[in-house]
Amino acid sequence: QVQLVESGGGLVQAGGSLRLSCAASGRTAKDYAMVWFRQAPGKERERVAGITRSGSSTDYSPSVKGRFTIARDNAKNTVYLEMNSLKREDTAVYHCAAALLIKGVPEYWGQGTQVTVSS
């Protein structure tokens, strides 16, 4: 079992920045690739970014590439999502998830953290 807890969400103006954190407990997070998803009201869940177990490889949705950066600190069992140049359309609940492979189906999910971008 892996427990995931996100933090760092909040209200920010367009053009601003936020850093989300996802703390893992239980079985060590380094055993899993980690992925950030988001879901806005009335929209389908969107895969935002993923990172391999070692952190050597990452991938991003075209909608956030160049603005968001995913990183991990396996010593702290924590994954981060640095979000810059935020837009109103980035408003959503952001969830982190753990999967055996970076493109795999997540096995564990966090409860989510709300990000709201105002104009």
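Before any of the text, the structure's been laid out above.
Every value quoted in this text rests on a predicted model; they were computed, and no experiment measured them. (Residues numbered from 1 in each chain as written. Predicted model: local features only at pLDDT ≥ 70, side-chain atom pairs only at ≥ 80, totals over all residues. Heavy atoms only, no water.)

Within the protein, the secondary structure is distributed over zero helices and eleven strands. Overall, the protein shows an N-to-C arrangement of helices and strands of β-β-β-β-β-β-β-β-β-β-β. A compact globule built from 119 residues would reach a C-alpha radius of gyration of about 14 Å, and the protein, at 13 Å, matches this within 12%. Each of the three principal axes of the protein carries a C-alpha extent, and together these read 40 × 25 × 25 Å. By the burial criterion, 45% of the 119 residues in the protein qualify as buried. At a minimum sequence separation of 6, the contacts of the protein that also span at least 24 residues come to 54%. Of the side-chain charges in the protein, 15 are positive and 10 negative, and the distance between the mean point of each set is 2 Å. (Helix = DSSP H or I, 4+ residues; strand = E, 2+ residues; numbered from the N terminus. Rg over C-alpha atoms; globule rule 2.2 N^0.38 Å. Buried < 20%, exposed > 50% of the residue type's maximum accessible area, 1.4 Å probe, protein only. Contact = heavy atoms within 4.5 Å. Lys, Arg positive; Asp, Glu negative; His and termini not counted. Charge placed at Lys NZ, Arg CZ, Asp CG, Glu CD.)

Going through the model one piece at a time under the given rule, you end up with five salt bridges. When the shortest N-O distance is used, the salt bridge between arginine 38 and aspartate 90 registers 2.8 Å. Placement of arginine 38 in strand β4 (residues 33-39) and of aspartate 90 in the loop between β8 (78-83) and β9 (92-99) is noted, with a sequence separation of 52 residues between them. Taken as a pair, arginine 38 and aspartate 90 share a single burial class, namely buried. A salt bridge links aspartate 90 to arginine 67, with the shortest nitrogen-to-oxygen separation between them at 2.7 Å. With aspartate 90 in the loop between β8 and β9 and arginine 67 in the loop between β6 (58-60) and β7 (68-73), this pair connects stretches of sequence that are 23 residues apart. Side by side, aspartate 90 and arginine 67 carry an identical accessibility label, which is buried. Within this structure, Arg38, Glu46, Arg67 and Asp90 form a network of salt bridges that share partners. (Salt bridge = Lys/Arg side-chain N within 4 Å of Asp/Glu carboxyl O.)

Any link to function would need more than the numbers given here.
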